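Structural description and commentary
So you can see what is in the structure, the chains are spelled out below.
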Amino acid sequence: MDNEPITRFPPSPSGYLHLGGARTALFNWLYARHTRGRFVLRVEDTDVSRSTQESVDSILEALEWLGIDWDEGPYFQSRRFDVYKEYINRLLASGNAYYCTCSAERLERMRQEAMQRGGKPKYDGTCREKGLERSEGAVVRFKAPLSGTTLVKDRIRGNIAFDNTELDDFIIQRSDGTPTYNLAVVVDDITMSINTIIRGDDHLNNTPKQVQLYEALGCEVPDFAHVPMVLGPDKTRLSKRHGAMSVTAYRDMGYHPDAMVNYLVRLGWSHGDQEFFTRDELIEKFNLEHIGRSAGVFDQEKLLALNAEHIRAKSNDALAAHLIPFLSAIGIDAAPGTYLFNVIETLKNRSKTFVEMADAAEFYYVETVTYEEKAAKKFLKPGILNPLKEITSALEKTETFNQETLEPIFQRVMDKHELKLGKIAQPMRVALTGRTVSPGIFEMIEVLGKAAVASRLKDAIEYIESRQMDG
Ligand code: GLU
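Description of the structure in this document. Quantities reported herein were computed from a predicted structural model and do not represent experimental measurements. Within every chain, residues take consecutive numbers counted from 1 along the sequence as written. Confidence filtering applies because this is a predicted model: local features only for residues at pLDDT of at least 70, side-chain atom pairs given and counted only at 80 or more, and all residues used for totals across whole chains, interfaces and linings. To obtain the side-chain values, all non-hydrogen atoms of the structure were included, while hydrogens and water were left out.

**What about the pattern of salt bridges?**
- Salt bridges, as used here, are contacts in which a Lys or Arg side-chain nitrogen is within 4 Å of a carboxyl oxygen on Asp or Glu. Within the structure shown, the criterion is met by 31 salt bridges.
- Between E44 and R42 there is a salt bridge, with the nearest N and O atoms lying 3.0 Å from each other. In this pair, the class of E44 matches that of R42, namely buried.
- In this structure, R111 engages E108 in a salt bridge whose closest nitrogen and oxygen atoms are separated by 3.2 Å. Of the two residues, R111 and E108 both sit in helix α4 (residues 104-117), three residues apart, roughly one turn of that helix.
- Between buried and exposed lies partly exposed: a residue is buried under 20% and exposed over 50% of the maximum accessible area for its type, with that area taken using a 1.4 Å probe on protein chains only. Overall, the relative accessible area of 33% leaves E108 in the partly exposed class.
- Among the charged side chains, a salt-bridge network with shared partners connects R8, R42, E44, R80, D188 and D189. A run of H or I in DSSP counts as a helix once it spans at least four residues, and a run of E counts as a strand once it spans at least two, with each numbered from the N terminus.

**Things to note about helix α17 (residues 421-433)**
- To estimate how far a helix should reach, multiply one less than its number of residues by 1.5 Å. With 13 residues, α17 should reach 18 Å at 1.5 Å per residue; the first-to-last C-alpha distance of 17 Å fits that figure.
- The complete set of buried residues in α17 reads I424, A425, Q426, P427, M428, R429, V430, A431, L432 and T433.
- By definition, residues are in contact when any of their heavy atoms lie within 4.5 Å. On its buried face, α17 sits against α13 (354-365), α14 (373-379), α15 (385-397), α16 (403-417), α18 (441-448) and α19 (450-470).
- G434 occupies a position one or two residues after α17 and carries a positive phi of about 85°.

**Quick look at α16**
- Here α16 spans 21 Å end to end across 15 residues, near enough to the 21 Å set by a 1.5 Å rise per residue.
- Along α16, the residues that are buried comprise L406, I409, F410, V413 and M414. For α16, the angular spread of the buried residues around the axis is 130°, confining them to a single face. For α16, exposure combined with an orientation more than 90 degrees from the buried face picks out E404, R412, D415 and K416.
- Buried residues along α16 sit in contact with α15, α17 and α18.
- Immediately beyond the C-terminal end of α16, within one or two residues, lies E418, with a positive phi of roughly 50°. Directions drawn from the helix axis to the C-beta atoms are what define this arc.

**Some details on the sheet that holds strand β1 (residues 6-9)**
- With parallel pairing, the three strands of this open sheet are ordered in space as β1-β2-β3. A single partner strand is all that each edge strand has here, and the edge strands are β1 and β3 (72-76). Adjacent strand axes in the sheet meet at a mean angle of 25°, parallel and antiparallel pairs treated alike.
- If DSSP finds at least two bridges between two strands, the strands pair. Pairing of strand β2 (residues 38-43) with β3 involves three bridges; the strand directions are parallel. The partner of V43 across the bridge, within β3, is F76. Between N-to-C directions, angles span 0 to 180 degrees; the directions come from axes that are lines fitted to C-alpha atoms, helices contributing only their stretch in contact.

**Things to note about the site of the ligand**
- In these notes, residues near a molecule or strand are those with any non-hydrogen atom within 4 Å of it. All residues adjacent to the ligand are R8, P10, S12, E44, Y181, V185, R199 and H203.
- Two N or O atoms count as a polar contact when they lie within 3.5 Å, although within protein this holds only if one can serve as hydrogen donor and the other as acceptor, and sequence-adjacent residues are included solely when both atoms are side-chain atoms. Separating a nitrogen atom of the ligand from a backbone N or O atom of P10 is a distance of 2.8 Å.
- A distance of 2.7 Å separates an oxygen atom of the ligand from a polar side-chain atom of R199.
- For accessible areas, the Shrake-Rupley method is used with a probe of radius 1.4 Å. Any residue's cover is judged against the shown protein chains and nothing else. In isolation the ligand has 300 Å² of accessible area, and contact with the protein removes 79% of it.
- For the ligand, the cavity whose grid points lie within 2 Å of the majority of its atoms is the largest pocket.
- Grouping the constituent residues of the shell around the ligand by class yields three nonpolar, two polar and three charged. For cavity detection a 1 Å grid was placed over the protein atoms alone, and a set of points counts as a cavity when a 1.4 Å probe fits there but cannot get out; an open set counts as a pocket when protein lies on both sides within 12 Å along at least five of seven lines, with lining residues being those that have an atom within 4 Å of a point. Put plainly, a molecule is in a cavity or pocket when over half of its atoms are within 2 Å of the grid points there. Basically, the charged four are Asp, Glu, Lys and Arg, the nonpolar ten are Ala, Val, Leu, Ile, Met, Phe, Trp, Tyr, Cys and Pro, and anything else, Gly included, counts as polar.

Right, dumping it as structure tokens:
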């Protein structure tokens with residue numbers, strides 16, 4: 001190709017952006033970024049009854065969350081009817097299209113008969129040579145070649161020849177004057193200079209029709225790359241049965257967009273056996289040659305593991321921006337800054353999602369700790385009172401509050417009472433967090449700081465003593 005690649009993503013706004021659509025968008029976007037080409041966004045909203053503004057908004061929101069930016073658009077097909085008209089007229093003028101007045105009943109009868117014969121329903125060409133003028137209720141049909149083959153050159157699947165006798169004079173303009181999908185797509189792709197079309201192979205049956213339109217219009221046929229579908233673990237086409245389908249549902253479940261991007265791209269494209277890719281690496285390495293010919297199988301566990309890996313690989317600062325909304329969702333008002341970054345440092349290796357991380361971070365932000373009942377019962381017991389008191393007073397006296405100064409304090413108390421770290425760590429953990437699972441004791445103490453630790457330990461001491469009195 002002499003020119004820079006120009007790709008496009010043309011969603012139909014009749015729902016949210018689902019995983020398969022997002023992957024198609026990513027392939028087109030990555031190919032444009034990799035080749036320093038251009039990426040065009042186009043909203044295919046000609047079907048007024050199914051298109052909603054809400055869907056447009058949610059698709060754009062999902063693309064933005066994924067970090068897919070576009071160089072042109074969004075164009076809206078519904079605002080381009082004039083352009084389609086012009087091209088339809090051009091096809092009529094050149095003899096490549098004609099008006100057809102066949103009644104819906106006759107066409108339906110033909111369809112039924114074909115089905116009964118077990119054949120494909122095809123228009124029989126009744127109006128093809130009639131030279132009809134425009135009239136109320138007439139449709140416009142493309143005058144397709146009657147013999148020979150139409151070749152689709154596909155960058156993934158190689159050359160695919162379609163027998164023209166299998167194709168028919170398809171409608172390009174409905175009786176209400178609106179263009180059909182195949183016409184609008186081709187006109188858009190021509191006028192937007194799209195030269196590389198990467199899309200799901202569910203569109204492969206449309207491609208020969210589109211190729212015929214390009215040829216009739218005397219325009220260069222773009223490169224096609226038809227990508228196999230995404231399947232669920234049971235090898236049927238990915239659907240709601242397999243879990244959440246919308247991209248933004250994954251955002252809400254606490255996924256990092258880079259993990260989502262990485263996972264979706266790997267679901268159909270490979271670079272050796274590398275699984276983890278940063279966004280920049282994907283841009284650097286993505287190509288069409290390594291898109292597989294077999295369908296990708298969606299595996300939520302794999303996505304989750306990859307998410308954990310991306311979380312681990314990010315800076316605390318970068319993670320903070322993602323975590324903050326999840327903290328506010330559980331009522332924690334956290335500002336980006338040293339405290340939050342330190343909190344994240346203790347959690348990033350143990351959280352698979354931001355939902356998990358926010359939940360695990362909660363104790364860092366509470367005024368007073370609420371104990372899990374079972375945890376308190378098991379670990380906040382009278383036998384631990386003296387060691388806890390000694391640790392508390394020793395901690396209060398230390399100036400520097402870090403792992404090096406904390407360890408000997410614990411060691412001294414443990415030696416004196418002949419306790420192992422486990423015996424003291426769990427009660428400390430419950431005292432400081434209310435739970436039995438938390439980051440490492442010393443890391444956590446260091447982040448919480450002297451005042452919070454001392455006050456939480458005193459609360460725990462008081463709690464044990466009050467229970468002693470009750471008992
Ligand atoms: N609007 C079509 C869809 O959402 C895409 C058509 C195309 O890629 O050519 O399936």
